[in-house]
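Observations on the three-dimensional arrangement
Take a look at the letters that make up each chain.
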Amino acid sequence: MPEPRKRSRSKRRRFIKTPGAKVTIHYREKKHKKPICSICKQELHGVPPLKQSEIKKIPKSRRRPNRPFGGNVCHQCLQRNLKSEIRGMP
């Protein structure tokens, strides 16, 4: 039976066969998905794919781009929306 902290499904299980022909389980963290744009659903550049607890530990300048809606909307959608706002179109 695995240790209590390893029973959670939040860890990735990898079955490894040892040289003695015994199968053991290695537990690893799952990979996190890249953040996506809330409008076009493309992945955002400049935002690291980390856990929320890990993002809090890195400097604020590396968490997200320093522009309006940085980290939520990609630059193309932001540019398109700003142009439409300035032109007065909905």
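Calculation notes
Residues numbered from 1 in each chain as written. Predicted model: local features only at pLDDT ≥ 70, side-chain atom pairs only at ≥ 80, totals over all residues. Heavy atoms only, no water. Helix = DSSP H or I, 4+ residues; strand = E, 2+ residues; numbered from the N terminus. Rg over C-alpha atoms; globule rule 2.2 N^0.38 Å. Buried < 20%, exposed > 50% of the residue type's maximum accessible area, 1.4 Å probe, protein only. Contact = heavy atoms within 4.5 Å. Areas by Shrake-Rupley, 256 points an atom, 1.4 Å probe, with all protein chains shown as cover. Lys, Arg positive; Asp, Glu negative; His and termini not counted. Charge placed at Lys NZ, Arg CZ, Asp CG, Glu CD. Expected span 1.5 Å × (residues − 1). Domains from an automatic or database assignment. Patch = residues over 30% accessible without salt bridge, like charges linked within 9 Å, V, L, I, M, F, W, Y side chains within 5 Å. Salt bridge = Lys/Arg side-chain N within 4 Å of Asp/Glu carboxyl O.

With that out of the way, let us pick up the overall build of the chain. A tally of regular secondary structure across the chain gives three helices and two strands. For the chain, the α and β elements follow one another from N to C terminus as β-β-α-α-α. Relative to a compact globule of 90 residues, whose C-alpha radius of gyration would be 12 Å, the chain shows 21 Å and is clearly more extended. Overall size of the chain, expressed as C-alpha extent along the three principal axes, is 70 × 25 × 20 Å. Sorting the 90 residues of the chain into buried and exposed places 13% on the buried side. Here the contacts in the chain between residues at least 6 apart in sequence split such that 20% fall between residues at least 24 apart. Entry remark: accessible area of the chain is about 7,900 Å², with carbon and sulfur atoms responsible for 53%. Between the centroid of the 27 positive side chains of the chain and the centroid of its 5 negative side chains there is a distance of 3 Å.

With that settled, the discussion passes to helix H3 (residues 75-87). Compared with the 18 Å implied by 1.5 Å per residue over 13 residues, the 18 Å span of H3 between its first and last C-alpha is a close match. In the stretch just after H3, Gly88 is the one whose phi turns positive, near 90°.

Its identity as a non-glycine residue notwithstanding, Ala21 has a phi of 65°, on the positive side. Inspection of the secondary structure puts Ala21 in the loop between strand S1 (11-17) and strand S2 (23-29). A positive phi is found at Phe69, a non-glycine position, where the angle reads about 60°. Topologically, Phe69 is positioned in the loop between helix H2 (60-63) and H3. Its relative accessible area of 55% is what places Phe69 among the exposed residues.

The next point concerns the domain arrangement of the chain. By the assigned domains, the chain splits into domain 1 (1-30) and domain 2 (34-90). For domain 1 versus domain 2, the separation of C-alpha centres amounts to 36 Å.

Taken together, the side chains of Phe15, Val23 and Ile25 make up a nonpolar region of the molecular surface, amounting to roughly 300 Å² of accessible area. Summarising the element assignment, Ile25 is placed in strand S2. Judged by its relative accessible area of 35%, Ile25 is partly exposed.

Turning our eyes to something else, we now look at a positive patch on the surface. Taken together, Arg12, Arg14, Arg28 and Lys31 make up a surface patch of like positive charges. Of note, Arg14 is situated in strand S1. Among the residues examined, Arg14 registers a relative accessible area of 41% and is labelled partly exposed.

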